[in-house]
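As a plain string of letters, each chain reads:
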Amino acid sequence: MSNNKKVIIGILIAVLIIVIGIVVVYKVVEKSVTDREDFKFTVENISSNPVDTTNQGQSNIKSNRNPNNVIIKVDNTTIKPESVSITITDNNENQYGWGVEFRVQEKVNGEWKNLNYISDNLSWIDIAYQLNEDKQLTQKLDIEKYYGKLSNGIYRIVKPVYDEGYIDIYSDEFEIK
């Protein structure tokens, strides 16, 4: 038998052993999952009715949260047309989930107006940060990435949070000169 045939047979045997190993591991994992007590089901307890999964386990949280217990303060030493840092203080017993998303509003003729994003192809990572022991979270906001550089004017930051629907919580005003 030539060396090429020996190599091909060796490769085929190795592949066969790998495939058998994968099947065995799959069956072992499948058995361990389906043998769990909470996995047992019958056709009778499968429903095609939609299940309301919103606010599951959160019915008591609302009573312990109030947006008035939150302060969003701009760090005046960090104000730049490209970025700003904010400190969120959430004194609620059950604190809000604080993510990365923010909006910027500009005061125009005494009214707050949302700025437009520089692109429709922007996205936010969906992550919630924990507050420190002082119930605070500091975030540096990359304004330029989402809005471009801010021109001279009066602005504030808007942070959306979920409280039986999304609500906005506003920072104090800051000025770009």
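In this text, all values refer to a predicted model and were calculated from it rather than measured experimentally.

Rules behind the numbers
Residues numbered from 1 in each chain as written. Predicted model: local features only at pLDDT ≥ 70, side-chain atom pairs only at ≥ 80, totals over all residues. Heavy atoms only, no water. Helix = DSSP H or I, 4+ residues; strand = E, 2+ residues; numbered from the N terminus. Buried < 20%, exposed > 50% of the residue type's maximum accessible area, 1.4 Å probe, protein only. Contact = heavy atoms within 4.5 Å. Areas by Shrake-Rupley, 256 points an atom, 1.4 Å probe, with all protein chains shown as cover. Core = buried A, V, L, I, M, F, W, Y, C linked by side-chain atoms within 4.5 Å. Salt bridge = Lys/Arg side-chain N within 4 Å of Asp/Glu carboxyl O. Pairing = 2+ DSSP bridges. Axes fitted to C-alpha atoms, helices over the stretch in contact; angles between N-to-C directions. Phe/Tyr/Trp six-rings, centres within 6.5 Å; stacked < 30°, edge-to-face > 60°. Lys NZ or Arg CZ within 6 Å of the ring centre and 35° of its normal. pLDDT = per-residue confidence, 0-100.

1. Quick notes on the overall build of the protein chain
Moving on, step 1. On a plain count of helices and strands, the protein chain comes out with two helices and eight strands.
Moving on, step 2. Going from the N terminus to the C terminus, the protein chain shows its helices and strands as α-β-β-β-β-β-α-β-β-β.
Moving on, step 3. When each of the 177 residues of the protein chain is scored for burial, the buried share is 25%.
Moving on, step 4. The long-range share in the protein chain, meaning contacts at least 24 apart out of those at least 6 apart in sequence, stands at 66%.
Moving on, step 5. Total accessible area on the protein chain stands at roughly 12800 Å², and carbon and sulfur atoms take up 52% of it.

2. A word on the nonpolar core
Moving on, step 1. The biggest cluster of nonpolar side chains holds 23 residues, and the ones touching the most others in it are Trp-98, Phe-102, Val-104 and Ile-157.
Moving on, step 2. For this core, the elements supplying multiple residues, two or more each, are β1 (70-74), β2 (83-90), β5 (136-142), α2 (143-147), β6 (153-162) and β8 (174-176).
Moving on, step 3. Excluding residues that lie within four positions of it along the chain, Ile-157 makes contacts with Val-84, Ile-86, Phe-102, Arg-103, Val-104, Leu-141, Ile-169, Tyr-170, Ser-171 and Phe-174.

3. Concerning unusual backbone geometry
Moving on, step 1. Even without a glycine there, the phi angle at Asn-109 is positive, about 50°.
Moving on, step 2. Examined against the element boundaries, Asn-109 turns out to sit in the loop between β3 (103-108) and β4 (111-114).
Moving on, step 3. Judged by relative accessible area, which is 78%, Asn-109 ranks as exposed.

4. Structural notes on the pattern of salt bridges
Should the charged atoms of two oppositely charged side chains come close, the side chains can pair.
Moving on, step 1. With the rule as written, the count across this model stands at six salt bridges.
Moving on, step 2. For the salt bridge of Lys-73 with Asp-172, the shortest nitrogen-to-oxygen distance reads 3.5 Å. Of this pair, Lys-73 sits in strand β1 while Asp-172 sits in the loop between β7 (166-170) and β8, placing them 99 residues apart in sequence.
Moving on, step 3. Taking relative accessible area as the criterion, Lys-73 reaches 44% and is therefore assigned partly exposed.
Moving on, step 4. Lys-149 is the partner of Glu-82 in a salt bridge, and the nearest nitrogen-oxygen pair spans 3.6 Å. Taken as a pair, Glu-82 in the loop between β1 and β2 and Lys-149 in the loop between α2 and β6 lie far apart in primary sequence, 67 residues in all.
Moving on, step 5. On the accessibility criterion, Glu-82 (23% relative accessible area) is partly exposed.

5. Regarding the sheet that holds β2
Moving on, step 1. The three strands are arranged β1-β2-β5 in an open sheet whose pairing can be described as antiparallel. Bordering the open sheet on either side are β1 and β5, each of which pairs with just one other strand. Mean inter-strand twist for the sheet, computed between neighbouring axes without regard to direction, equals 20°.
Moving on, step 2. For β1 and β2, the ladder comprises five bridges, and the chain directions are antiparallel. What sits directly across from Val-74, in β2, is Ile-86.

6. Overview of the packing of aromatic side chains
Moving on, step 1. Evaluation of the coordinates by the stated rule reveals nine aromatic pairs.
Moving on, step 2. The interplanar angle of 15° and the centroid separation of 4.0 Å between the aromatic rings of Trp-124 and Tyr-146 together place this pair among those described as stacked. Taken together, the residues Trp-124 in the loop between β4 and β5 and Tyr-146 in helix α2 connect sequence positions 22 residues apart.
Moving on, step 3. In textbook terms, an aromatic cluster arises when at least three aromatic residues are bridged by ring pairs, as seen for Phe-102, Tyr-117, Trp-124, Tyr-146 and Tyr-147.
Moving on, step 4. Looking at Arg-156, its charged tip hangs above the ring of Tyr-170, at a distance of 3.9 Å from the centre.

7. A closer look at the confidence of the model for the protein chain
Moving on, step 1. This prediction gives the protein chain a mean pLDDT of 84; 82% of its residues lie at or above 70.
Moving on, step 2. In the predicted structure, residues 41-49 sits below a pLDDT of 50 and forms one contact with residues beyond four places in sequence or in another chain.
Moving on, step 3. With pLDDT under 50 throughout, residues 55-61 is counted as low confidence; its partners more than four residues away or in other chains account for four contacts.

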